[in-house]
Amino acid sequence: MITTEEIERRVEKVDAEKSARRTAAAREVGELAGRRAALVEQLANVERKLGAVLTAAADVISLDELAEFTDVPAADLTSWLTVGKPRARRGRPPGTRRPKPDAHPAPSPAAVPPEVRPGPPAPVVQGTRS
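**Quick look at the overall build of the protein**
On a plain count of helices and strands, the protein comes out with three helices and zero strands. The linear arrangement of helices and strands in the protein, starting from the amino end, is α-α-α. For the protein, buried positions account for 5% of its 130 residues.

**Regarding a negative patch on the surface**
On the surface, a cluster of negative charge is contributed by Glu5, Glu8, Glu12 and Asp15. Here glutamate 5 lies in helix H1 (residues 4-57). By relative accessible area, glutamate 5 is classed as exposed at 58%.

**Some points on unusual backbone geometry**
One non-glycine residue with positive phi stands out, namely aspartate 71, at about 60 degrees. By the secondary structure assignment, aspartate 71 is in the loop between helix H2 (63-70) and helix H3 (74-84). In this structure aspartate 71 comes out as exposed when scored by relative accessible area, which is 70%.

**Quick look at the environment of threonine 70**
Here threonine 70 is to be found in helix H2. Among the polar contacts listed, one links the side chain of threonine 70 to the backbone oxygen of leucine 66, at a separation of 2.5 Å.

**A look at the pattern of salt bridges**
All chains considered together, the criterion is met by two salt bridges. Its salt-bridge partner being arginine 9, residue glutamate 6 comes within 2.5 Å of it at the nearest N-O pair. Here the residue glutamate 6 and the residue arginine 9 both occupy positions in helix H1, the gap between them amounting to three residues, near one helical turn. A salt bridge links glutamate 6 to arginine 10; the shortest N-O distance between them is 3.1 Å. On the criterion of helical spacing, the pair formed by glutamate 6 and arginine 10 is a turn pair, its members being four residues apart in helix H1. Taking the relative accessible area as the measure of exposure, arginine 10 reaches 47% and is therefore partly exposed. The network of salt bridges with shared partners includes Glu6, Arg9 and Arg10.

Each value, and the rule that gives it
Residues numbered from 1 in each chain as written. Predicted model: local features only at pLDDT ≥ 70, side-chain atom pairs only at ≥ 80, totals over all residues. Heavy atoms only, no water. Helix = DSSP H or I, 4+ residues; strand = E, 2+ residues; numbered from the N terminus. Buried < 20%, exposed > 50% of the residue type's maximum accessible area, 1.4 Å probe, protein only. Patch = residues over 30% accessible without salt bridge, like charges linked within 9 Å, V, L, I, M, F, W, Y side chains within 5 Å. Areas by Shrake-Rupley, 256 points an atom, 1.4 Å probe, with all protein chains shown as cover. Salt bridge = Lys/Arg side-chain N within 4 Å of Asp/Glu carboxyl O. Lys, Arg positive; Asp, Glu negative; His and termini not counted. Charge placed at Lys NZ, Arg CZ, Asp CG, Glu CD. Polar contact = N/O pair within 3.5 Å; in protein donor to acceptor, adjacent residues only side chain to side chain.

Put into structure tokens, the structure is as follows:
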């Protein structure tokens, strides 16, 4: 029969292998996620610069001409142009705001009891005498 010490040694060996694989996976995911975040930031900077260049050049060259000269799809140029423009303000247009609710609202009128309507007469039950 196997000893308790041998069981513990076998479990520790399996756990150590699994722990090493878990550590390696977590390390690699962390490194790749960090690289991805840096690339996303770089891409956002390039897109902002493209938007600024497109905005500055709008008076001398159209997006269609740029697309023709550069073989860059006009849809891409348009999306980069919108990155360079300031965002539109969200919310309601001026003058269309709802009035603020009163701090002390007027008391609501007393509840009116429901109107009582006469229904059909209740049936009269006549008993039979025995």
